[in-house]
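Here are the chains, one letter per residue:
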Amino acid sequence: MSASDDATGQAPSHDVPTGDIPGRDAPPPDLEPRQDILGPPWAARTIPLGRLTDGGEESSAPDVATLVHHDDAGHRERAVLYLSGFVDYFFQAQHAQAWIDAGYDFYALDMRRAGRSTNGHPRPDDVRDLRVHDEEIQAALDLIRAAGARQVVLLGHSTGGLQAVLWAADHPGSVDVVVLNSPWLDLNRSWLERTVGTALLDRLGTWLPSLPVGKLGDAYGSYLHADSGGEWTYDLTLKPLAGFPVRAGFIRAVRRAHAEVARGLDIQEPVLLCCSTRSGHPRDPGPAELSTTDVVLSVEQMLHRAPLLGPDVTIMQVPGGVHDLALSPGTSREYYTRGAVEWAGLRLDEQTARRTAEQPAGRTAERSEGRTAEQPAGRTAERSEGRTAEPPAGPTA
């Protein structure tokens, strides 16, 4: 295949032989949560995997996923399922607490070969087809629904955002709204790397999927971590400052997913795409860029591809936001968190009101535990490339 096989200059999508392993079922999930590494009240449960394969599994380190939540989670009608990014794991407890305070159960999924779910795998984040994660996402949603959730927000950051849009497009109706925190929708590199480079890596990812082909810089990680002057403390064995190697099979899978986004996904559920207002230099950012811009991905690419996700996409740009908006400096972090929680609540209320109105006469109306559906203050402005969220009270650009 050549770059010219796709109108975007990217190799065509999904043909890695991910699929069911004949005669093999994953063991049932561990239904007894244990204390999580974040400490009380956070708990974690292990989800054994094995039904799907992408060729990256190791017999010495069986694939598992880890579902993290408060130890009293369950029985609320609304829940959030969070998907982390590349070289990442869930530790954004402050952001999660805002959702919990708004009436949601918050669940975070560390997917196979990443974060808490590395499980001794010798090549963390060596995933060769993003759809291999369908197994753990489905298992997590089954557990969340069984615990009582009637409405689910799928929240994804960076590569987790890319994962979220693939899932929502492939599984309509499985979640109720999608929130994206700086989603990775295209490669933040030169035209040559996005075209010729993608075609070369597509072949290399087939022949030598575990071959390292790049790495992350450590500037962004150093900016975040408390040991180097940042605001956040997290486990550097799970999220090293310079990351883990970027492998050929992984970047091949990501670029094929990017090509799918470029062709259009037609997600039917409402989508909120959140990103910074500006991009910084991805390879040599200065101190001001590190603290006020996205130095990992291109904001322009996110805005360009947002309308391709589906017919109902709202864009919310966060002044001063960094790549993980939940880790931005205080006022920007609050702006993102408040805006995302309020948007999700309004859209879920709208869905509840619509379903209630559609019920046959005589049936008991479904109760909504949130606000009644109403137009947010200032209204949401429609525009040809999607919606732009009216910003909540907070920092100015």
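Sequence positions are assigned chain by chain, starting from 1 and proceeding in written order. It should be noted that, the model being predicted, local features are given only for residues of pLDDT at least 70 and side-chain atom pairs only at 80 or more, the latter also being counted only at that level, while totals for whole chains, interfaces and linings use all residues. The side-chain values count all of the structure's non-hydrogen atoms but skip hydrogen atoms and water molecules.

Peer 1: How should the overall build of the chain be read in this particular structure?
Peer 2: Scanning the chain from N- to C-terminus turns up nine helices and 15 strands. Residues counted as buried form 56% of the 397 residues belonging to the chain. As displayed, the chain offers around 16,400 Å² of accessible surface, 53% of which is attributable to carbon and sulfur atoms. Secondary structure elements are defined from DSSP: runs of H or I of at least 4 residues count as helices, runs of E of at least 2 residues count as strands, and each element is numbered from the N terminus. The rule is simple: take the accessible area with a 1.4 Å probe, protein chains only, and divide by the maximum for that residue type; under 20% is buried, over 50% is exposed, in between is partly exposed. Here the open area of atoms and residues is found with the Shrake-Rupley method and a 1.4 Å probe, where only the protein chains shown may cover a residue.

Peer 1: Where do I start with the nonpolar core in this structure?
Peer 2: Across soluble globular proteins, nonpolar side chains have a tendency to be buried as a group. Side-chain atoms within 4.5 Å are what join buried Ala, Val, Leu, Ile, Met, Phe, Trp, Tyr and Cys residues into a set we call a nonpolar core. With 53 residues, the main nonpolar core has Leu81, Leu109 and Leu309 as its most contacted residues. In this description, contact between two residues means that some pair of their heavy atoms is separated by no more than 4.5 Å. Discounting chain neighbours no more than four positions away, the residues touching leucine 81 are Leu67, Tyr107, Leu109, Ile137, Ala140, Leu141, Ile144, Val153, Leu154 and Leu155. Of all hydrophobic cores here, the second largest spans 29 residues; its members include Ala96, Trp99, Val177 and Ala344.

Peer 1: When you look at the packing of aromatic side chains in this model, what are you seeing that I'm missing?
Peer 2: Ring pairs (aromatic) are described by centroid distance and by the angle formed between their planes. Aromatic rings from Phe, Tyr and Trp, taking only the six-membered ring of Trp, are treated as a pair when their centres fall within 6.5 Å; an angle between ring planes under 30 degrees marks them as stacked, one over 60 as edge-to-face, and anything in between as tilted. Applying the stated rule across the entire model yields nine aromatic pairs. A ring pair is formed by tryptophan 99 and tyrosine 104, whose centres lie 5.1 Å apart and whose planes are at 90°; its orientation type is edge-to-face. Residue tryptophan 99 is classed as buried on the basis of its relative accessible area of 0%. Each member of the aromatic cluster is reached from another via a ring pair, and the members are Trp42, Tyr82, Phe90 and Phe106. The ring of tyrosine 234 has lysine 239 sitting right over it, with the charged end atom 5.8 Å from the ring centre. Over a ring means this: the NZ of a Lys or the CZ of an Arg is within 6 Å of the ring centre and within 35 degrees of the ring normal.

Peer 1: Just checking my understanding: could you explain the packing of helix H4 (residues 191-207) against helix H6 (residues 248-263) for this structure?
Peer 2: Geometry of a packed helix pair, given as the angle between the helix axes and the separation of the axes. Working convention: axes come from line fits to C-alpha atoms, limited for helices to the stretch in contact. Angles between N-to-C directions cover 0 to 180 degrees. Between H4 and H6, whose axes approach to 8 Å, the crossing angle comes to 125°. Judged by the inter-axis angle, H4 sits oblique to H6. Our pair here, H4 against H6, has a crossing hand that is left-handed. In contact with Arg194, Thr198, Leu201, Asp202, Leu204, Gly205 and Thr206 of H4, H6 contributes Ala248, Gly249, Ile251, Arg252, Arg255 and Arg256. Orientation labels follow simple angle bins: below 35 degrees gives roughly parallel, above 145 gives roughly antiparallel, 65 to 115 gives roughly perpendicular, and whatever is left gives oblique. Take the far helix as your reference; a near helix turned counterclockwise from it by less than a right angle gives a left-handed crossing, and one turned clockwise gives a right-handed crossing.

Peer 1: Just checking my understanding: could you explain the environment of valine 318 for this structure?
Peer 2: Checked against the element boundaries, valine 318 lands in strand E13 (residues 313-318). On the basis of relative accessible area, valine 318 is assigned to the buried category, the value being 0%. If we skip the residues at most four places from it in the chain, valine 318 touches Cys275, Ser276, Thr277, Leu325, Ser332, Tyr335 and Tyr336.

Peer 1: Looking at this model, I keep getting lost on a nonpolar patch on the surface. Mind explaining?
Peer 2: A grouping of Trp191, Leu192, Val196 and Leu200 is seen on the molecular surface, where their side chains present a nonpolar patch of about 450 Å² in accessible area. Structurally, the position occupied by leucine 192 is in helix H4. Residues enter a patch when their relative accessible area is above 30% and they make no salt bridge; the linking distance is 9 Å between like charges and 5 Å between nonpolar side chains (Val, Leu, Ile, Met, Phe, Trp, Tyr). Here, a salt bridge means any side-chain nitrogen of Lys or Arg that lies within 4 Å of a carboxyl oxygen of Asp or Glu.

Peer 1: What's the story with the state of the cysteines in this structure? I'm lost.
Peer 2: Working definition of a disulfide: a covalent bond connecting the sulfur atoms of two cysteines. Cysteine sulfur atoms that come within 2.5 Å of each other are treated as a disulfide pair. Under the criterion given, the structure shown has zero disulfides. Residue cysteine 274 stays outside any disulfide, its sulfur separated by 7.8 Å from that of cysteine 275, the closest cysteine.

Peer 1: Just to check I follow, could you spell out the pattern of salt bridges for this structure?
Peer 2: Between side chains of opposite charge, pairing is possible as soon as their charged atoms come close. Under the counting rule described, the total for this entry stands at 25 salt bridges. Put simply, aspartate 63 and arginine 112 hold a salt bridge, and the shortest N to O gap is 3.3 Å. Linking aspartate 63 in the loop between strand E4 (52-53) and strand E5 (64-70) with arginine 112 in the loop between strand E7 (104-110) and helix H2 (134-146), this pair joins segments that are 49 residues apart in sequence. One exposure class covers both aspartate 63 and arginine 112, and it is buried. In this structure, aspartate 126 and arginine 123 form a salt bridge, with 2.6 Å as the shortest nitrogen-oxygen distance. Among the residues examined, arginine 123 registers a relative accessible area of 15% and is labelled buried.

Peer 1: What am I meant to see in the pairing of E5 here?
Peer 2: Look at any regular strand and the pattern is simple: side chains alternate between the two faces of the sheet. Most of E5 is tucked away, with seven of its seven residues classed as buried. Being paired, for any two strands, means DSSP has found at least two bridges between them. Across seven bridges, the pairing between strand E3 (residues 42-48) and E5 is antiparallel. Residue pairing for E5: threonine 46 is matched across the bridge by threonine 66. Note: E5 against E7, four bridges, orientation antiparallel. If you follow threonine 66 over to E7, its bridge partner there is aspartate 110.

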